[in-house]
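One-letter residues, chain by chain:
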Amino acid sequence: MNAFALLFLIAGLGLIGWLTGRARAVRFDRGARGRVNSLPSQHGWYVALWTLLPALLFVAVWSAVSPGLIRQAVLEHPAAAKLSDFAFERDAVIDEAGRVAADPRASAFNPIAAELAPAVREARSRYGWMGGGTAMLLAFAGGAFAFSRLSVDFRARTRVERWVMLILLLASLIAILTTIGIFLSLLWESLRFFSAVSPVELLFGTHWSPQVIDPKHPGASLGAVPLFWGTFFIGAVIAMIVAIPFGLMSAIYLTQYAPARVRAWMKPMLEILAGVPTVVYGYFAALTVAPAVRNLAVALGDTYASSESALAAGLVMGVMIIPFVSSMADDAIAAVPTAMRDGSLAMGATTSETIGRVLIPAALPGVVAGVLLAVSRAIGETMIVVMAASGAANVTLNPFESATTVTKQIVDLLTGEAEFDSPKTLAAFALGLTLFVITLLLNIFALRVVKKYREAYE
Amino acid sequence: MNSARTPTDWKGTAMQARIRRRYRSERAFKLAGLAAVILSAAFLAFLLVTMAWNGAGGFTRTEVALKLDFPAMALPVTPTQLRSPAADLALSGAGLKNAVETAGEGWVSDSAWMKVRDAIKADPSMLGRSQVIWLPASPAVEAEMRGGPDAGLEVHVLQSRGLVRTGFNLDFLTASNSTDPTAAGIWGALKGSLLTMLVTFLIAFPVGVLSAIYLEEYAARNRWTDLIEVSINNLAAVPSIIFGLLGLAVFLGTFSLFGHTIGPLFPRSAAVVGGLTLALMIMPVIVIASRNAIKAVPPSIRDAAYAVGASRVQVVFHHVLPLALPGILTGTIIGMARALGETAPLLLIGMRAFIVTPPEGFTDPSTVLPVQIFLWSDEVSRGFIEKTSAAIIVLLVFLLAMNGLAIYLRNKFETRW
């Protein structure tokens, strides 16, 4: 049965449950004026929840189990005996049969797939009807059970509210589940990687060339130090040299000097700068900034300048981070008590002296935390470096030379045509884990500083 | 220690010079601040102008009026074939492509024959006569019309006879990807983006708002709640590419259950996988914005509702939530705008395929607008540079509209309690 039709039907039954439950409660209400424990709509919700939840739970479980059952049924088909014993090939044929079964216009490349297609279609429809029928039955039974419990004294309100609370709790658990999911999936794939390559080789090796991997000793060409250096150089050095002065000065100007009209125009402008997608920045970096930087380097006498220089990527990344630094600095300065500022001005200090000697020192922890968050954002930034930085892993101090980053290598490793289990693809997960841990530590540290500092002035 | 301090001579030259110096540095500092803001604005303006300058050409296309003598071509196609679903195959098998290229003599683009094909399908009687059809011009003609080098085809002669025209390229908005820049359009990618955004919204909005309600209105202050809070705050700062790795490993990795390996949980390149991944990514943004909006509703509203006998659920859903809704919507729109511009995670989960037909459903292979921009940016031909910038303009228009709506909502419904 079509999944959408099924969900639609279950939702329809839920609606009917709500209406009948409510109608019954309204009748109680007429008979026993004022004695009914709960409102009619709460009775309605009670029936609707009993109709929906068991059926939806079953649909969720069934949609996870039924592909396995369908596969089992297909493998029992006589034509399946002709399938190769080799798991990969067998899966490919079954996948193809599934595609042919779903789309009557498609034709099978493999004759066995064509033979299996009717079996797949038949198994799909059988299990589909089975699951759909059971779900409808559950919905009906749940609704009928709930309906039979309604009475004048029934505490529908308490029960419904308990369910609502449970649903809210489940929703908030998804955040934890996502965090755990990220950590476990990265860890799992990384452990598979580390069974072939030692973590020491990855973290401290200085040679990175995943294009040529020696199958006997894959770790020799998977040393990530050049990537870490490139990430640090582009994200934490070049980008910050642009972003910190510009971000800080714009925040100071907008909060301390700018007339209200200028501020009303400039704040949204910075928000727009923050809202430009990274792929646009990346395209701009590759198309406009990188050639300009190269020309500059050649003019300065560096004839070996790369057209995919670290400087081009870092500059554009810095511009991208300006609004972020600016808004963090804004918050930090705004948190400084006005009395401190007023006191300094009253003593005869000029505004710039007040800013430089009172506001900034007082806001420094917040500003530093903001810069750390900006660094964590810069080193996790992907599209700018994918489009503007080079793939060559150099350890260099010359901003006109090329450098590569962790994120760029993750994309390069995973968008090739390699299979899922090779050390090359698994290396991407190990790099991802490293990136995740570093940004996590930076964030936790920075958020703690911000919180502590905010409390100090409250 | 009672030696009297000599009073400062404020009018003395040394003091005057000092004050002048201090005021000078004050002015310099203020100017530096102004310069920082202006340079940031200038960068934004430069970026937008570059994109507009490059992209304007992507919206227009030069067309050439080509006279096609169908009886002379003698295409071996029968009228019944033309009415069957296999008409495309029959016409390309009949050598239409070569015939159009020969007739075009370098004037028309590589994909012009597809236009002819569609025209024939629309009006099969055309095959019995010779017919003038407007076809997309070849890159060389296109370049000469825009003041480029002479294509050696005497373009101006045809132009003076009204056989060449440049106009708005509707195909750019209605066609899908193609290897030929004159035929490439963004509709497929745009539709993929819309489907992906729909999945993202349907998951991230309810889950985000419900968890914000739980954290603000229900949760007791304990270690468990702190853990939820810390993970939400950290998720908001996790690099987007990590979510791509999560999507790749969880939704697309081999999935096994009860001993059966059942292959990937979802088809590759599908809008549903992209939508799920982006939903996890923007959910923390929605939660944080919703919490702030709920926090801003004053306790007096809750107390008043409780005082007239409302239950907790009624207080939350009848009073707090409607009042917090504008703030929640603003946060959601900003989160959705972020998801709409996101590229990196979608690259990893394989939404970078070459998609010629727009996706019909959530499980069809599809791509999204930012990924399409990325894919076109790798192409070297001049035509694709224009297409990339034009697609960027379309994307920016969507994002600006969304951000503008968010700012408007914030200003309109901002309540000072």
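Helices and strands together make up the secondary structure of chain B, namely 18 helices and five strands. Projected onto the principal axes, the alpha-carbon positions of chain B cover approximately 115 × 80 × 45 Å. Buried positions account for 50% of the 417 residues belonging to chain B. Once local pairs closer than 6 in sequence are excluded, the contacts in chain B between residues at least 24 apart make up 74%. A gap of 14 Å separates the mean positions of the 35 positive and 28 negative side-chain charges of chain B.

Moving on, we get to the overall build of chain A. When you go through chain A residue by residue, the secondary structure sums to 15 helices and zero strands. Its C-alpha atoms give chain A a radius of gyration of 31 Å, more than 25% over the compact-globule value 23 Å for 458 residues. Pairs at least 24 residues apart make up 70% of the contacts formed inside chain A by residues separated by at least 6 positions. Of the roughly 22100 Å² that chain A leaves accessible, carbon and sulfur atoms contribute 66%. For chain A, the centre of its 34 positive side-chain charges and the centre of its 30 negative side-chain charges are spaced 15 Å apart.

According to the domain assignment, chain A contains domain 1 (3–154) and domain 2 (218–457). Each of domain 1 of chain A and domain 2 of chain A was reduced to a C-alpha centroid, and the two centroids are 49 Å apart.

Attention shifts here to the nonpolar core. Membership of the largest hydrophobic core comes to 200 residues, with the highest contact counts inside it found for Tyr281, Ile321 and Ile410 of chain A together with Ile242 of chain B. The residues contacting Ile410 of chain A, other than those within four sequence positions of it, are Ala428, Leu431 and Gly432 of chain A together with Ile241, Leu245 and Leu348 of chain B. Of all hydrophobic cores here, the second largest spans 29 residues; its members include Leu66, Ala90, Leu158 and Val164 of chain B.

So, about the packing of aromatic side chains. Summed over all chains, the structure comprises 18 aromatic pairs over all chains. Judged by centre distance (6.3 Å) and plane angle (70°), the ring pair of Trp18 of chain A and Trp45 of chain A falls under edge-to-face. Of the two residues, Trp18 of chain A is situated in helix 1 (residues 3–31) and Trp45 of chain A in helix 2 (residues 40–75); the sequence distance between them amounts to 27 residues. Ring pairs connect the aromatic residues Phe59, Phe172, Trp376 and Phe384 of chain B, which therefore count as one cluster. Its guanidinium or amino end placed over the ring of Phe147 of chain A, Arg24 of chain A lies 4.8 Å from that ring's centre, counting from NZ or CZ. The cationic tip of Arg312 of chain B hangs over the ring face of Tyr218 of chain B; the distance from NZ or CZ to the ring centre is 4.8 Å.

Residue and element names in this part refer to chain A. Viewed as axis vectors pointing N to C, helix 11 (residues 338–346) and helix 12 (residues 351–380) meet at an angle of 145°, and their least axial separation amounts to 10 Å. Crossing hand, helix 11 versus helix 12: right-handed. Mapping the contact onto sequence places Met340, Arg341, Ser344 and Leu345 in helix 11 and Thr351, Thr354, Val358, Leu359 and Ala362 in helix 12. Within the contact of helix 11 with helix 12, the residues separate by chemical class into five nonpolar, three polar and one charged.

As a further point, take the environment of Ala293 of chain B. All names here are of chain B. By secondary structure assignment, the location of Ala293 is in helix 13 (residues 271–295). Overall, the relative accessible area of 12% leaves Ala293 in the buried class. Sequence separation of Ala293 and Met126 is 167 residues, and the distance between their C-alpha atoms is 64 Å. Setting aside chain neighbours within four positions, we find Ala293 in contact with Ala324, Gly327 and Ile328.

The next subject is the environment of Leu13 of chain A. All names here are of chain A. Note on placement: Leu13 falls in helix 1. Leu13 sits in the buried class, given a relative accessible area of 19%. C-alpha separation for the pair Leu13 and Leu52, spaced 39 residues apart in sequence, amounts to 7.8 Å.

The next subject is a nonpolar patch on the surface. Residue and element names in this part refer to chain A. Taken together, the side chains of Leu177, Ile180, Phe183, Leu184, Val437 and Leu441 make up a nonpolar region of the molecular surface, amounting to roughly 550 Å² of accessible area. For the nonpolar patch, the secondary-structure elements that each account for two or more residues are helix 5 (156–194) and helix 15 (423–457). If you tally residues by element for the nonpolar patch, the top one is helix 5, at four residues. In this fold, Leu441 is placed in helix 15. With relative accessibility at 55%, the residue Leu441 sits in the exposed group.

In this section: helix 12 of chain A. Given a rise of 1.5 Å per residue, 30 residues ought to cover 44 Å, yet the end C-alpha atoms of helix 12 of chain A are separated by just 37 Å, more than 12% below that figure. The largest bend in helix 12 of chain A amounts to roughly 60° and is located at Leu364 of chain A, with the proline Pro365 of chain A lying one to four residues further along.

This paragraph deals with a positive patch on the surface. Residue and element names in this part refer to chain B. A contiguous patch of positive charge on the surface is contributed by Arg18, Arg20, Arg21, Arg24 and Arg27. Position of Arg27 among the secondary structure elements: in helix 1 (residues 13–55). Judged by its relative accessible area of 52%, Arg27 falls in the exposed class.

This next bit is on the domain arrangement of chain B. Residue and element names in this part refer to chain B. By domain assignment, chain B separates into domain 1 (57–169) and domain 2 (187–413). Across the contact, five residues belong to domain 1 and five residues belong to domain 2. Together, Gly58, Phe59 and Arg146 form the three largest contributors to the area buried by domain 1 at its contact with domain 2, with a combined 84%. Counting across the interface, domain 1 meets domain 2 through zero salt bridges. At the junction of domain 1 and domain 2, the tally comes to zero residue pairs in polar contact (both at pLDDT 80 or more). Each residue belonging to the side of domain 1 that touches domain 2 can be placed in one class, and the counts come to one nonpolar, three polar and one charged.

Residue-level contacts link 83 residues of chain A with 82 residues of chain B. Both faces considered, chain A and chain B share a buried interface measuring about 7000 Å² in area, 79% of it formed by carbon and sulfur atoms. The largest per-residue losses of area from chain A upon contact with chain B belong to Leu168, Tyr283 and Phe284 of chain A, which jointly make up 10% of the total buried on that side. At the boundary of chain A and chain B, one finds two salt bridges. Notably, a salt bridge pairs Glu353 of chain A with Arg22 of chain B, separated by 2.8 Å at the nearest N-O pair. In terms of residue count, helix 5 of chain A provides more of the side of chain A that touches chain B than any other element does, 20 residues in total. Here the residues of the side of chain A that touches chain B sort into 54 nonpolar, 23 polar and six charged.

Further remarks concern the pattern of salt bridges. Residues and elements named next belong to chain B. Evaluated as defined, the whole model comprises 11 salt bridges over all chains. For the salt bridge of Arg221 with Glu229, the shortest nitrogen-to-oxygen distance reads 3.2 Å. Look at Arg221 and you get exposed, because its relative accessible area is 58%. Among the ionic pairs, Glu229 bridges to Arg291, the shortest N-O distance being 3.4 Å. With Glu229 in helix 11 (residues 223–235) and Arg291 in helix 13, this pair connects stretches of sequence that are 62 residues apart. You can call Arg291 buried: its relative accessible area is 12%. Taken together, the shared-partner salt bridges in this structure form one network comprising Glu216, Arg221, Glu229 and Arg291.

The rules behind the values
- Residues numbered from 1 in each chain as written.
- Chains lettered and ligands numbered in written order.
- Predicted model: local features only at pLDDT ≥ 70, side-chain atom pairs only at ≥ 80, totals over all residues.
- Heavy atoms only, no water.
- Helix = DSSP H or I, 4+ residues; strand = E, 2+ residues; numbered from the N terminus.
- Buried < 20%, exposed > 50% of the residue type's maximum accessible area, 1.4 Å probe, protein only.
- Contact = heavy atoms within 4.5 Å.
- Lys, Arg positive; Asp, Glu negative; His and termini not counted.
- Charge placed at Lys NZ, Arg CZ, Asp CG, Glu CD.
- Rg over C-alpha atoms; globule rule 2.2 N^0.38 Å.
- Areas by Shrake-Rupley, 256 points an atom, 1.4 Å probe, with all protein chains shown as cover.
- Domains from an automatic or database assignment.
- Core = buried A, V, L, I, M, F, W, Y, C linked by side-chain atoms within 4.5 Å.
- Phe/Tyr/Trp six-rings, centres within 6.5 Å; stacked < 30°, edge-to-face > 60°.
- Lys NZ or Arg CZ within 6 Å of the ring centre and 35° of its normal.
- Axes fitted to C-alpha atoms, helices over the stretch in contact; angles between N-to-C directions.
- Left-handed = near helix turned anticlockwise from the far one by under 90°.
- Nonpolar A, V, L, I, M, F, W, Y, C, P; charged D, E, K, R; others polar.
- Patch = residues over 30% accessible without salt bridge, like charges linked within 9 Å, V, L, I, M, F, W, Y side chains within 5 Å.
- Salt bridge = Lys/Arg side-chain N within 4 Å of Asp/Glu carboxyl O.
- Expected span 1.5 Å × (residues − 1).
- Bend = angle between axes of the 7 residues up to and from the residue.
- Buried area = accessible area lost by both parts, 1.4 Å probe.
- Polar contact = N/O pair within 3.5 Å; in protein donor to acceptor, adjacent residues only side chain to side chain.

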